[in-house]
Amino acid sequence: MFKIKKKVEKPKRTVLYNIVEDYSEFDAPGNVSVCAMTESEDLAAHAKVLSESYDVPLETMTKLLTEGGTYVYPEIGGLLTRGLFACWIDPAGPAPKQTWTLDLMQFAEAEQLVGTRAVPLLDAAQEVFCRTLPEELKAKLEQKNLGLDYRTLDRAVAKGGDIKYIDFRKDWSPHFKRLCIMPDGRLVETGGLQEFADLHGITVAQARTLVEQGGTLDVNGEVLACQIVNGQPAVARFNAKNYAKAKELVASKGLHLMDALSEVGYNDSAMMRGLARKELTSRR
């Protein structure tokens, strides 16, 4: 007899964004990635991911995404260590919902505006946040759907219609993809520390230290290198041959290992092809 295998449907992966524009090369704190969605918002999934990403209670996050408002992070040991999370919803309706965070310095600016102008904290937070953004992005935010030409968008993205929400993100989370340049020039996309750690065969703790602090990490004779550029991690993996070349440069020229790896990478045709593709992708 033949056994009939029952088809087990895998749970559909949550997709929060179908448009991502990277502005991480601009000076902090305006160095953000614009993550937008044209399909209808899955409020439960959206709230869950943002709650986990920004350490905001789920019930609070759900309310913020429903009504708009701000969440000021609580003091730790009598000190504020983080600023606030904000969600703006256009009262008139047509503009997409927007979320962002303010660091401590920006939060202090927002509080000062509240005191001097007697404006709501959300309005002050929006003014302070937008003030730091690149001019190109400011101009796009004034246009419908970020000024995108829907005739050139992927059909699956365009059919969703207008952009429903925009999350201005800086974090490394499972639903926000980042690229790593591999030794053969491939650009491998990972989302979240666990996926990044699994890709490279390292622990989550090692991955967290690398992407938060930058530096290098030896991995089975190869090396992972991470540079923090305007607060954003840029990661590349070098094979044993290129790692050896970099260490020779350190010894012969007195270079810092990160500088030596950069020099080796720029002289490697395969890795340069990956860098060129990354550059082209970021300009679209």
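Residues numbered from 1 in each chain as written. Predicted model: local features only at pLDDT ≥ 70, side-chain atom pairs only at ≥ 80, totals over all residues. Heavy atoms only, no water.

Things to note about the confidence of the model for the protein chain
The criterion, for reference: For every residue, the pLDDT score states the predictor's confidence, bounded by 0 at the bottom and 100 at the top. Should any heavy atoms of two residues lie within 4.5 Å, those residues are counted as being in contact.
With 87% of its residues at a pLDDT of 70 or more, the protein chain shows a mean pLDDT of 86. Confidence over residues 277–284 falls short of pLDDT 50; this stretch has 7 contacts with residues more than four positions distant or in other chains.

Overview of the packing of helix H3 (residues 104–117) against helix H4 (residues 121–132)
A pair of packed helices can be characterised by two numbers: the angle between their axes and the separation between those axes. The condition that has to hold: Between N-to-C directions, angles span 0 to 180 degrees; the directions come from axes that are lines fitted to C-alpha atoms, helices contributing only their stretch in contact. Runs of H or I in DSSP of at least four residues are treated as helices and runs of E of at least two as strands, each being numbered from the N terminus. When an angle is under 35 degrees it counts as roughly parallel; over 145 it counts as roughly antiparallel; between 65 and 115 it counts as roughly perpendicular; any other value is oblique. Two helices crossing with the near one rotated counterclockwise from the far one by less than a right angle form a left-handed crossing, whereas a clockwise rotation gives a right-handed crossing. Only Asp, Glu, Lys and Arg are considered charged in this grouping, and only Ala, Val, Leu, Ile, Met, Phe, Trp, Tyr, Cys and Pro are considered nonpolar; every other residue, Gly among them, is considered polar.
At a minimum axis separation of 8 Å, H3 and H4 run at an interaxial angle of 130°. Looking at the two axes, H3 sits oblique to H4. Helix-helix and strand crossings are classified by hand; for H3 and H4 the assignment is right-handed. Residues Gln106, Phe107, Glu109, Ala110, Leu113, Val114 and Arg117 of H3 pack against Leu121, Ala124, Ala125, Glu127, Val128, Phe129, Arg131 and Thr132 of H4. When grouped by side-chain class, the residues that make up the contact of H3 with H4 number 9 nonpolar, 2 polar and 4 charged.

Comments concerning a nonpolar patch on the surface
Note the cut-off: Patch definition: residues with relative accessible area over 30% and no salt bridge; like charges joined within 9 Å; nonpolar side chains (Val, Leu, Ile, Met, Phe, Trp, Tyr) joined within 5 Å. Only the protein chains shown count as covering a residue, and every accessible area follows the Shrake-Rupley method with a 1.4 Å probe. Each reported salt bridge corresponds to a side-chain nitrogen of Lys or Arg within 4 Å of a carboxyl oxygen of Asp or Glu. Each residue gets one of three labels from its accessible area relative to the maximum for its type: buried under 20%, exposed over 50%, partly exposed in between, using a 1.4 Å probe on protein chains only.
Together, Val72, Leu80 and Leu104 make up a nonpolar patch on the protein surface, roughly 190 Å² of accessible area in all. Relative to the helices and strands, Leu104 resides in helix H3. Judged by its relative accessible area of 34%, Leu104 falls in the partly exposed class.

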